[in-house]
Amino acid sequence: MGSRKNRFRRNKNRRREIAESAQGYLAGIIGEREDSDPEFIDTVARQMWKIGLRHRIGLPPAHKHWICRGCRVLVRPSFNARVRIRGGIRITTCLQCGYIRRFGNGAGSGSQDFDDSHDGRPELSEG
Ligand SMILES: [Zn+2]
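All values derive from a computational prediction rather than experimental measurement.

Enquirer: Quick question: what am I supposed to make of unusual backbone geometry here?
Expert: It is generally the case that most residues other than glycine have a negative phi and that most peptide bonds are trans. One non-glycine residue, R72, adopts positive backbone phi at about 60 degrees. With respect to the helices, strands and loops of the structure, R72 is situated in the loop between helix 3 (61-64) and strand 1 (81-86). Judged by local crowding, R72 falls into the buried class, with 20 C-beta atoms found within 10 Å. A positive phi angle, close to 75 degrees, is found at S78, a residue other than glycine. Tracing the sequence through the fold places S78 in the loop between helix 3 and strand 1.

Now the structure itself:
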């Protein structure tokens, strides 16, 4: 009976879908084990980053603000990052590499780095 050959069709959209669902999967792992397994989570975060890079899809909106652009670990406030909110701007400092990111609508500063500021993670503590 027929031996089925799995031909790989080069379909960009399909590949993108696969990549996105892989990221979703990794995001789920992060959500589950964020607190229990920090080193593993860093690996997962890097993996997620790589997928986003390779397929040019970036990071899932819920996570893109939470992966350090400097060292690509998951930014975890009070664990490896410091989060300050000042004048409506969220300032995240990665304690591992010192990378600082700012999100928000601060008046004046020209170097804002956010595209969708409301990513559904409202539970930040101040200070
Ligand atoms: Zn970092």
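Alright, that's what it looks like, and here's the rest.
Enquirer: Would you explain the environment of Y25 in this entry?
Expert: Relative to the assigned elements, Y25 resides in helix 1 (residues 12-33). Sequence separation of Y25 and M48 is 23 residues, and the distance between their C-alpha atoms is 9.3 Å.

Enquirer: Where do I start with the pairing of strand 1 in this structure?
Expert: Side chains on a regular strand alternate between the two faces of the sheet. Summarising the sheet, strand 1 and strand 2 (residues 89-94) pair through six bridges and their orientation is antiparallel. The residue of strand 2 that forms the bridge with I85 is R90. Taking the residues that link successive antiparallel strands as the turn, the strand 1-strand 2 hairpin has two residues, and the phi of G87 there is positive, at about 55 degrees.

Enquirer: Just checking my understanding: could you explain the pairing of strand 3 (residues 100-104) for this structure?
Expert: The alternating pattern of strand 3 places R101 and F103 on a buried face, while none of I100, R102 and G104, on the opposite face, is buried. Here five bridges tie strand 2 to strand 3, and the two strands are oriented antiparallel to one another. Along strand 3, the bridge assignment pairs I89 with G104. The turn joining strand 2 and strand 3, which pair antiparallel and follow one another in sequence, is formed by five residues; a positive phi near 85 degrees is taken by G98.

Enquirer: It is not clear to me how the nonpolar core should be interpreted in this structure. Could you clarify?
Expert: Within soluble globular proteins, side chains that are nonpolar generally end up buried alongside one another. Core analysis: the biggest nonpolar cluster contains 15 residues, and I30, V44, A45, I67, L74 and V75 have the highest contact counts within it. Within the residue set of this core, elements represented by two or more residues are helix 1 and helix 2 (38-54). Of all the elements, helix 2 adds the most residues to this core, at five residues. Beyond its immediate chain neighbours, meaning those up to four positions away, I30 contacts I41, V44, A45 and L74.

Cut-off values and rules
- Residues numbered from 1 in each chain as written.
- Predicted model: local features only at pLDDT ≥ 70, side-chain atom pairs only at ≥ 80, totals over all residues.
- Helix = DSSP H or I, 4+ residues; strand = E, 2+ residues; numbered from the N terminus.
- Buried ≥ 20, exposed ≤ 12 C-beta atoms within 10 Å, placed from the backbone.
- Pairing = 2+ DSSP bridges.
- Core = buried A, V, L, I, M, F, W, Y, C linked by C-beta atoms within 7 Å.
- Contact = placed C-beta atoms within 7 Å.

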